[in-house]
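Chain by chain, the residues:
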Amino acid sequence: KAGVTQTPRYLIKTRGQQVTLSCSPISGHRSVSWYQQTPGQGLQFLFEYFSETQRNKGNFPGRFSGRQFSNSRSEMNVSTLELGDSALYLCASRLGGDQPQHFGDGTRLSIL
Amino acid sequence: EDQVTQSPEALRLQEGESSSLNCSYTVSGLRGLFWYRQDPGKGPEFLFTLYSAGEEKEKERLKATLTKKESFLHITAPKPEDSATYLCAVQANQAGTALIFGKGTTLSVSS
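In this text the structure is predicted, and so the values were computed from the model without any measurement.

About the thresholds
Every residue gets a number counted from 1 within its own chain, in the order that chain's sequence is written. Note on labels: chains are lettered from A, ligands numbered from 1, in written order. Given that the model is predicted, a residue must reach a pLDDT of at least 70 before its local features are reported, and side-chain atom pairs must reach 80 or more before they are shown or counted; all residues, however, enter totals for whole chains, interfaces and linings. As a convention, hydrogens and water are excluded, and side-chain values are obtained from all of the structure's heavy atoms. Only buried residues count toward a nonpolar core, which is a set of Ala, Val, Leu, Ile, Met, Phe, Trp, Tyr and Cys residues joined through side-chain atoms within 4.5 Å. Burial classification: accessible surface area is computed with a 1.4 Å probe over protein chains only, and a residue below 20% of its type maximum counts as buried, one above 50% as exposed, and the rest as partly exposed. Helix and strand definitions here come from DSSP, where helices need a minimum of 4 consecutive H or I residues and strands a minimum of 2 consecutive E residues; each element is numbered from the N-terminal end. Criterion for a disulfide: a pair of cysteine sulfur atoms within 2.5 Å. We call two strands paired when DSSP finds no fewer than two bridges between them. By definition in these notes, contact holds between two residues if any of their heavy atoms fall within 4.5 Å. As a working definition, buried area equals the accessible area (1.4 Å probe) given up by two parts on being put together, with both sides summed. The salt bridge criterion pairs a side-chain nitrogen of Lys or Arg with a carboxyl oxygen of Asp or Glu, the two atoms within 4 Å. Polar contact is defined as a pair of N or O atoms within 3.5 Å, subject to the rule that within protein one atom must be able to donate a hydrogen and the other to accept it, and that residues adjacent in sequence are counted only when both atoms are side-chain atoms.

Draft legend 1. Highlighting the nonpolar core. Counting 38 residues, the largest nonpolar core has Tyr35 and Phe103 of chain A together with Leu33, Trp35, Leu73, Tyr86 and Phe101 of chain B as its most contacted members. A per-element tally of this core places strand β9 (residues 84-92) of chain B first, with six residues. One finds Leu11, Phe60, Met76 and Ile111 of chain A within the second-largest nonpolar core, a separate group that totals 21 residues.

Dropping the structure here:
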């Protein structure tokens, strides 16, 4: 059974640019969540989508946004990149409810 | 405020030397506690879910337990391949569907 797939694996951008990250969930999973992982803050929740609707949102600025498509695939966009946005961005999917979330291997974003 | 604290931050063991990792939490109504393993350059890999105090789950050399304030991940006779960062996360009523993670325990097992 295929796991969560994230593309690209690595990205290098400069300050002020914008970036879009992609996530394909496990087949049959309709819930997709995004997390940011940094050495200082650990894993922090960004947002969750279910059936193309944002269901929950973490404490991040509006520069961070996302969307989900009818096939449950999701994208995350970060505009006006800042140095502090350098992080590993992880996508997770689950069947729903209180079921465990299953993570992809992330996109490593570096801002120069 | 919902909070998860893991200890120790780092743990070095000899192969075969059993030990326990701690995850203490303060949340507004626990809906579930999750243990993950993360290897360098990889995403977290799901290990266990615990939903109520007194619950226990086992998988190979790992056993997770849950009380009303904390969870333990017991590692029996570890092997070098058990070396990884172990993450604890909770799902709480106030946070809805979001997972709140601890900072993790980095385990190194030497032969």
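Read on, since the account is not over.
Draft legend 2. Region of interest: the state of the cysteines. Residue and element names in this part refer to chain B. Under the criterion given, the structure shown has two disulfides over all chains. The side chain of Cys23 participates in a disulfide bridge whose partner is Cys88; the two sulfur atoms lie 1.9 Å from each other. Residues Cys23 and Cys88 are joined through a disulfide that is left-handed, its torsion about the S-S bond being -60 degrees. Of this pair, Cys23 sits in strand β3 (residues 19-26) while Cys88 sits in strand β9, placing them 65 residues apart in sequence. No difference in accessibility class separates Cys23 from Cys88, as the two residues are buried.

Draft legend 3. A look at the pairing of strand β8 (residues 70-75) of chain B. Residues and elements named next belong to chain B. Alternating positions in β8 separate cleanly, Ser71, Leu73 and Ile75 being buried on one face and Glu70, Phe72 and His74 remaining unburied on the opposite face. Direction of pairing for strand β7 (residues 62-66) relative to β8: antiparallel, over a ladder of five bridges. The partner of Lys63 across the bridge, within β8, is His74. Hairpin connection of β7 to β8: three residues between the antiparallel strands.

Draft legend 4. Up close: the interface of chain B and chain A. Taken together, the contacts link 20 residues of chain B with 23 residues of chain A. Both sides of the chain B and chain A interface together cover about 1,600 Å² of buried area, and 48% of this is carbon and sulfur. The salt bridge partner of Arg31 of chain B is Asp98 of chain A, with a shortest N-O separation of 2.7 Å. On inspection of chain B and its partner chain A, the count reaches 14 residue pairs in polar contact (both at pLDDT 80 or more). When residues of the side of chain B that touches chain A are traced back to their parent elements, those giving at least two are β4 (30-38), β5 (45-50), β9 and β10 (99-101) of chain B. The biggest single contributor to the side of chain B that touches chain A is β4 of chain B, with four residues.

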